[in-house]
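The chain contents come next:
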Amino acid sequence: MKEKVFSGVQPSGIPTIGNYIGAMKGFIDLQDSYDAIYSIVNQHAITVPQDPKILKQMTRQLAALYLAIGIDTKKAILFVQSDVPAHAQMAWIIQCMTGLGELERMTQFKDKARKQEAVNAGLLAYPTLMVGDIVLYDANFVPVGDDQKQHLELTRNFVDRFNSRYNDDLLVKPEPLIPEEGGRIMSLQDPTSKMSKSDTNTKSFVSMLDTPKQITKKIKSAVTDSIGEVNYDKENQPAVANLLQIYASFSGKSIDSIVSDYSGQGYGNFKGDLADLVVSTLEPIQERYESLLTSSDLDDILQDGAKRASAIAESTLSRVEKTIGLTY
Ligand code: ATP
Ligand code: MG
């Protein structure tokens with residue numbers, strides 16, 4: 001039997017090149033060697049306020065984008081989280097076995113709570129929903145960006161606790177798959193904070209659906225430093241190091257070779273070439289996206305994905321419910 005991979009992206013905005021580099025790009029290769037299950041995790045997205053119309057629209061857009069980057073539903077399952085009720089059911093069980101202190105320590109909770117006027121209980125419980133997403137599919141590997149490392153650690157601890165309390169073989173303990181370079185792409189306006197699709201400052205990210213003009217403008221106006229030389233020095237030139245990581249990921253070249261290509265030059269050519277590279281990489285993805293978005297095939301694909309995901313998730317949930325006594 002093939003090992004399993006699970007990952008999800010929230011429809012909390014159009015994915016950025018950070019989401020693509022850190023997570024989504026890796027989904028494509030993984031679907032060839034693993035049983036891959038990918039989700040549009042809309043229940044995670046409502047942990048912060050969402051406009052219903054926009055949420056619905058972004059759910060569809062994200063589905064089309066998954067397909068446009070190369071997710072093949074002959075190889076992988078693609079589904080919308082709220083179509084599979086087992087996720088919310090499993091999350092409740094996990095919440096009842098997770099300490100409040102554990103959740104309060106999560107840095108994503110602290111970061112996101114700071115940005116909200118009012119914090120709801122779901123934002124705190126978010127990681128338990130994610131633990132459920134992963135364990136329902138017996139996932140061995142979870143391709144994610146660096147910011148999800150702590151939630152993966154929580155998942156692994158939960159699995160240990162659960163298995164040692166009930167039965168050693170009940171849940172599979174997952175490993176995160178985090179890219180060595182590009183696991184944490186930073187904001188184009190502030191190299192100390194991560195690029196996020198939900199950022200209210202749209203200049204901080206390049207979205208996968210930005211026009212060539214927008215991409216070029218955003219990259220050219222990305223903050224740099226006063227050193228004026230392209231070096232890979234995360235400590236002293238973090239903004240340039242971030243642009244180098246984006247360049248390396250989109251070109252497939254090593255960071256060293258890019259640095260040597262621009263030695264002795266300022267940032268102008270480097271930024272111009274990077275903008276062209278991002279534009280030409282996203283162009284074919286955007287073309288495929290446009291034709292998928294309006295196609296009725298998309299609805300069929302998501303319905304079929306929900307059916308296939310439900311069958312797996314319900315069987316795990318029932319195994320768990322029987323074990324803990326939610327039966328009679
Ligand atoms: P939000 O701000 O709504 O949380 P996000 O940009 O963080 O949006 P998510 O849907 O939370 O996106 O995450 C989707 C995937 O992208 C996850 O695997 C996450 O770790 C990864 N990811 C998010 N931001 C980055 C980033 N800046 N660099 C690399 N990977 C990232
Ligand atoms: Mg996030």
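The rules we used
Residues numbered from 1 in each chain as written. Chains lettered and ligands numbered in written order. Predicted model: local features only at pLDDT ≥ 70, side-chain atom pairs only at ≥ 80, totals over all residues. Heavy atoms only, no water. Helix = DSSP H or I, 4+ residues; strand = E, 2+ residues; numbered from the N terminus. Buried < 20%, exposed > 50% of the residue type's maximum accessible area, 1.4 Å probe, protein only. Near = heavy atom within 4 Å. Polar contact = N/O pair within 3.5 Å; in protein donor to acceptor, adjacent residues only side chain to side chain. Areas by Shrake-Rupley, 256 points an atom, 1.4 Å probe, with all protein chains shown as cover. Nonpolar A, V, L, I, M, F, W, Y, C, P; charged D, E, K, R; others polar. Arc of directions from axis to C-beta. Contact = heavy atoms within 4.5 Å. Domains from an automatic or database assignment. Buried area = accessible area lost by both parts, 1.4 Å probe. Salt bridge = Lys/Arg side-chain N within 4 Å of Asp/Glu carboxyl O. Core = buried A, V, L, I, M, F, W, Y, C linked by side-chain atoms within 4.5 Å. UniProt positions renumbered as here; feature names shortened; annotations may be inferred.

J.: How do you make sense of unusual backbone geometry when you look at a structure like this?
T.: Backbone geometry places aspartate 138, a non-glycine residue, at a positive phi of 50 degrees. As for its position among the elements, aspartate 138 is in the loop between helix H7 (121-136) and strand E4 (141-143). The buried category is assigned to aspartate 138, whose relative accessible area is 18%.

J.: When you look at the site of ligand 1 in this model, what are you seeing that I'm missing?
T.: Ligand 1 sits among 21 residues. The nearest are Ser12, Lys112, Asp147, Lys197 and Ser198. One nitrogen or oxygen atom from the side chain of lysine 112 is found 2.6 Å from an oxygen atom belonging to ligand 1. For ligand 1, an oxygen atom lies 2.5 Å from a polar atom in the side chain of serine 198. In the complex, 97% of the free accessible area of ligand 1, which totals 590 Å², lies under the protein chains. Of all the elements, helix H1 (residues 17-33) adds the most residues to the shell around ligand 1, at four residues. Taken together, the residues that form the shell around ligand 1 break down as five nonpolar, 11 polar and five charged.

J.: It is not clear to me how helix H9 (residues 212-220) should be interpreted in this structure. Could you clarify?
T.: Since one α-helical turn is 3.6 residues long, residues separated by three or four positions face the same way. Ile215, Lys218 and Ile219 are the residues of H9 that are buried. All buried residues of H9 fall inside an arc of 95 degrees around its axis, so they share one side. Turned more than 90 degrees from where H9 packs its buried face, Lys213 and Lys217 sit exposed. At its buried positions, H9 is contacted by helix H12 (268-293).

J.: Can you help me understand the domain arrangement of the protein chain in this one?
T.: Interfaces are often described in size by the accessible area the parts lose on coming together. The domain boundaries assigned to the protein chain delineate domain 1 (4-182 + 296-324) and domain 2 (202-289). Taking only C-alpha atoms, the centre of domain 1 and the centre of domain 2 are 29 Å apart. Contact with domain 1, which involves 14 residues of that partner, is made by 17 residues of domain 2. Between domain 1 and domain 2 lies a buried interface of about 1400 Å² when both sides are counted; carbon and sulfur atoms form 72% of it. Looking at the side of domain 1 facing domain 2, the largest losses of area belong to Ile17, Ala68 and Glu181, adding up to 36% of the total buried there. The tally of links from domain 1 across to domain 2 stands at zero salt bridges. Summed over the shared surface of domain 1 and domain 2, the number is seven residue pairs in polar contact (both at pLDDT 80 or more). Mapped by element, the contributors of at least two residues to the side of domain 1 that touches domain 2 are H1 and helix H3 (52-69). Tallying contributions element by element places H3 first for the side of domain 1 that touches domain 2, with five residues. Partitioning the side of domain 1 that touches domain 2 into residue classes produces nine nonpolar, three polar and two charged.

J.: What should I look at first to understand the nonpolar core in this one?
T.: Across soluble globular proteins, nonpolar side chains have a tendency to be buried as a group. One finds Tyr38, Tyr66, Ile246, Phe250, Phe270, Val278 and Leu282 to be the most contacted residues of the largest nonpolar core, which totals 61 residues. Broken down by element, this core gets its largest block of residues, 10 residues, from H12. When residues are assigned to domains, this core turns out to be shared by domain 1 (4-182 + 296-324) and domain 2 (202-289), each giving three or more. Those residues within four positions of phenylalanine 250 in sequence are excluded, and the remaining contacts are Ile17, Tyr20, Ile21, Leu277, Val278, Thr281 and Leu282. Within the second largest apolar cluster, 38 residues are counted, among which are Ile134, Val159, Ala309 and Ala313.

J.: For this particular structure, what's the right way to read the UniProt feature "binding site: L-tryptophan" (unreviewed entry) in the protein chain?
T.: In this structure's numbering, the residues bearing the UniProt feature "binding site: L-tryptophan" (unreviewed entry) are Asp133. Within the secondary structure layout, aspartate 133 lies in helix H7. Judged by relative accessible area, which is 2%, aspartate 133 ranks as buried. Not counting residues up to four positions away in its chain, the partners in contact with aspartate 133 are Phe6, Val41, His44, Gln81 and His87.

J.: Sorry if this is basic, but what is going on with the side chain of threonine 16 here?
T.: Structurally, threonine 16 can be placed in the loop between strand E1 (4-9) and H1. Setting aside residues up to four positions removed in sequence, threonine 16 forms contacts with Met195, Ser196, Lys197, Phe205, Val206, Ser207 and Met208.

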